[in-house]
Amino acid sequence: MNPYASLLIMAAVALVVAVGGLALSAIVSPARRNRVKVANYECGIDPTPANTEHGRFPVAFYLVGMTFIIFDVEVVFLYPWATAFGRLGFFGLGAAVLFIGLITVPYILEWRRGGLDWD
């Protein structure tokens, strides 16, 4: 058997599951629309006339969220290091200290800039 056959079979099954799920949800889902379903949704806060007159949420709200995601993703890179810590020796320890230092510098700059303040 060709070594790529299993890969092609897996891709075909994934495609069938994806397209089948979309088709099934289009067939089974209710098509009734009401005011609640088509209303705008802003982070759990009801869009009142006072909110719509003053515009959307402040950009700082989204910047804090993106900052959290960026630092959270960077910390995920420490998990492989933690699982292979015993085999890496001093080189692995130095690389981890360097990585944590490189994460800490922008974190301190963001903190001093006031990007983590909610006010």
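Residues numbered from 1 in each chain as written. Predicted model: local features only at pLDDT ≥ 70, side-chain atom pairs only at ≥ 80, totals over all residues. Heavy atoms only, no water.

This part covers the UniProt feature "transmembrane region" (unreviewed entry) in the protein chain. The UniProt record marks residues 6-28, 59-82 and 88-109 with the feature "transmembrane region" (unreviewed entry), using the residue numbering of this structure. Between the C-alpha atoms that bound residues 6-28 there is a distance of 32 Å. The span itself is 100% helix and 0% strand. The span residues 88-109 is 100% helix and 0% strand, and its two end C-alpha atoms sit 31 Å from each other. (UniProt positions renumbered as here; feature names shortened; annotations may be inferred. Helix = DSSP H or I, 4+ residues; strand = E, 2+ residues; numbered from the N terminus.)

Counting across every chain of the model gives 1 salt bridge. For the salt bridge of Arg-113 with Glu-110, the shortest nitrogen-to-oxygen distance reads 2.6 Å. Residue Arg-113 and its partner Glu-110 are located together in helix α6 (residues 85-113), separated by 3 residues, close to a single helical turn. Relative accessible area serves as the criterion here: at 56%, Arg-113 is assigned to the exposed category. (Salt bridge = Lys/Arg side-chain N within 4 Å of Asp/Glu carboxyl O. Buried < 20%, exposed > 50% of the residue type's maximum accessible area, 1.4 Å probe, protein only.)

Given two aromatic rings, one states the distance between the centres and the angle between the planes to describe the pair. Enumeration over the complete set of coordinates arrives at 3 aromatic pairs. With centroids separated by 5.2 Å and ring planes inclined at 75°, the aromatic side chains of Trp-81 and Phe-85 adopt a geometry described as edge-to-face. Consider the rings of Tyr-107 and Trp-111, whose centres lie 5.9 Å apart with planes at 55°: the pair is tilted. Taken as a pair, Tyr-107 and Trp-111 lie in helix α6 at a separation of 4 residues, close to a single helical turn. You can call Tyr-107 partly exposed: its relative accessible area is 36%. For Trp-111, a relative accessible area of 55% puts it in the exposed group. (Phe/Tyr/Trp six-rings, centres within 6.5 Å; stacked < 30°, edge-to-face > 60°.)

What follows is about the side chain of Glu-110. Using a relative accessible area of 15% as the deciding quantity, one classes Glu-110 as buried. Filtering out sequence-adjacent residues up to four positions away, Glu-110 remains in contact with Thr-67, Gly-115 and Leu-116. (Contact = heavy atoms within 4.5 Å.)

Attention now moves to the confidence of the model for the protein chain. Mean pLDDT over the protein chain works out to 80, with 81% of the residues at or above the 70 mark. Considering each helix and strand of the protein chain separately, the mean pLDDT is smallest for helix α3 (residues 49-53), with a value of 55, and largest for helix α1 (residues 5-28), with 94. (pLDDT = per-residue confidence, 0-100.)

Positionally, Leu-63 belongs in helix α4 (residues 59-76). Judged by its relative accessible area of 38%, Leu-63 is partly exposed. In this structure the C-alpha to C-alpha distance between Leu-63 and Gly-115, which are 52 residues apart in sequence, comes to 7.5 Å.

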